[in-house]
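# Fold and geometry: a report
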Amino acid sequence: MHVLLTVVVPVYAVEGYLYQCLESLRAGLTAEENALVEVIAVDDASPDACGAMLDGYAARHGDLRVLHLPGNVGLGLARNAGLAEARGEYVWFVDSDDWLPSGSVRAVLERLRETEPDVLLVDHLRVHENGRLQTDASSPLLAGSVDLSRLLGVQHTAWNRVMRREFLAKHELRFPAGWYEDVPFSNPVLIAAERLDVLNRVCYHYRVGRFGAITATCGDRHFEAFEQWDRLHAWLAAAGVTPALKVRMFTLMISHLLVVAGNESRVHPSRRRAYFRRIAALYRRHRPDGYLPPAGTPGLKHRLVAANSYTMYAALRTGYRVAGLRRRSTERTPAVSTEVPAPPRAVQSTSLR
């Protein structure tokens, strides 16, 4: 039977979460639907028991293809390895510490057959380690008509977009090595798509705050984001995108890097000044004609980047953090959702991705 969808799952140091992810990929599918889906797990030379767990799962269930890489290559290149083995008309990259809520694959299959897009965007929920569900700040952008400029503001990850495999090959879209590999991949995917569609339904549970995850690992590898944004701007120049689109991407870039700079789980306070200086350099290098800072506080931060004024930025950041702490101290703690099972035990290892 024709394979409509290939799900590629890169695996590294997630033995406490792996089975939940794998089980969610085919849960509730009919035999006919199941035949339309293939799952490829890529063992990125995982240092724990993940490789053996994948082999055992494949032996028991018979519906999982396992690819063992001889050495660790990182998240992006592991995804590429799975993509090279894919047979499906479409490909969906699912991270192995996340999982799909019930009915997600069925809904995606139905939408793919109905609209035959190049790229299908889906919604997600952020899931905290205590089980609390949270709507992503960018999720409201999925509502309404399909508008590229608006949809570029949706979180730029690989796992919230399902892509036609021939479309990726035609435009030679692959992941680069290094951290923040989604930046020069996920944005061009939307820009290059001739047929872009949105499934405004929660089809993905994104685990946040996991020990060992890139977004919860503090260190200088977060400086790799600058090279990835440079790659994206090189692609934009080669693709000859409109001036308005260049302005949109530039604004999103500065906003994203300011989020990273202000997150102590990523950039150590002793390295924040250097990180800010790199943002300012990137600002000067890529500022397009016609760019105007956004309104409100985000625009003020953009202006401080333009002026390379770290001292003022640090003072502003401190002020907002103090105000935020005071506000949260008066708020009630939200109830923990009962709809999500208790989180699996965390793996005591650090991802090198």
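None of the values given here were measured: they were computed from a predicted structure.

### Examining the pairing of strand S2 (residues 37–43)
- Most of S2 is tucked away, with seven of its seven residues classed as buried.
- Burial along S2 is two-sided: Val-37, Val-39, Ala-41 and Asp-43 facing one way and Glu-38, Ile-40 and Val-42 facing the other are all buried.
- Across seven bridges, the pairing between strand S1 (residues 5–11) and S2 is parallel. Bridging from a neighbouring strand, Val-11 pairs with Asp-43 of S2.
- The pairing of S2 with strand S3 (residues 65–68) spans four bridges and is classified as parallel. The residue bridging Ala-41 from the neighbouring strand is Val-66, located in S3.
- Regarding topology, helix H3 (residues 50–61) serves as the crossover connection from S2 to the parallel S3, and that connection is right-handed.

### Describing the nonpolar core
- Counting residues in each nonpolar core, the largest one holds 65 residues, and the members touching the most others are Phe-93, Leu-168, Leu-257, Tyr-275 and Ile-279.
- The element that contributes the greatest number of residues to this core is helix H10 (residues 243–261), accounting for 11 residues.
- Once residues lying within four places of it in the same chain are set aside, the contact partners of Phe-93 are Val-8, Arg-79, Leu-83, Ala-158, Trp-159, Met-163, Phe-175 and Phe-185.
- Among the nonpolar cores identified, the runner-up in size contains 40 residues, and Tyr-17, Cys-21, Val-108 and Leu-112 belong to it.

### What about the pattern of salt bridges?
- Evaluation of the coordinates by the stated rule reveals 19 salt bridges.
- Among the charged side chains, a network of salt bridges with common partners joins Glu-38, Arg-65, Glu-85 and Arg-87.

### Examining the packing of aromatic side chains
- Taken as a whole and judged by the stated rule, the model has 15 aromatic pairs.
- With centroids separated by 5.2 Å and ring planes inclined at 85°, the aromatic side chains of Phe-93 and Phe-175 adopt a geometry described as edge-to-face. Placement of Phe-93 in strand S4 (residues 90–93) and of Phe-175 in the loop between helix H7 (165–170) and helix H8 (183–192) is noted, with a sequence separation of 82 residues between them.
- Using a relative accessible area of 0% as the deciding quantity, one classes Phe-93 as buried.
- Look at Tyr-310 and Tyr-313: their rings are 6.0 Å apart centre to centre, the planes differ by 45°, and that puts the pair in the tilted class. Residue Tyr-310 and its partner Tyr-313 are both found in helix H13 (residues 310–329); the two are separated by three residues, about one turn of the helix. There is no split in this pair, since Tyr-310 and Tyr-313 are both buried.
- Among the aromatic residues, those joined into a ring-pair cluster are Phe-93, Phe-175 and Phe-185.
- Lying across the ring of Phe-175, Arg-79 places its NZ or CZ 4.9 Å from the centre.

### Some remarks on the side chain of His-286
- Relative to the helices and strands, His-286 is located in helix H11 (residues 269–286).
- A distance of 2.6 Å separates the side chain of His-286 from the side chain of Asp-230, its partner in a polar contact.
- Filtering out sequence-adjacent residues up to four positions away, His-286 remains in contact with Asp-230, His-233, Phe-250 and Met-253.

Procedures and definitions
Residues numbered from 1 in each chain as written. Predicted model: local features only at pLDDT ≥ 70, side-chain atom pairs only at ≥ 80, totals over all residues. Heavy atoms only, no water. Buried < 20%, exposed > 50% of the residue type's maximum accessible area, 1.4 Å probe, protein only. Helix = DSSP H or I, 4+ residues; strand = E, 2+ residues; numbered from the N terminus. Pairing = 2+ DSSP bridges. Right-handed = clockwise from strand over helix to strand, strands pointing away. Core = buried A, V, L, I, M, F, W, Y, C linked by side-chain atoms within 4.5 Å. Contact = heavy atoms within 4.5 Å. Salt bridge = Lys/Arg side-chain N within 4 Å of Asp/Glu carboxyl O. Phe/Tyr/Trp six-rings, centres within 6.5 Å; stacked < 30°, edge-to-face > 60°. Lys NZ or Arg CZ within 6 Å of the ring centre and 35° of its normal. Polar contact = N/O pair within 3.5 Å; in protein donor to acceptor, adjacent residues only side chain to side chain.

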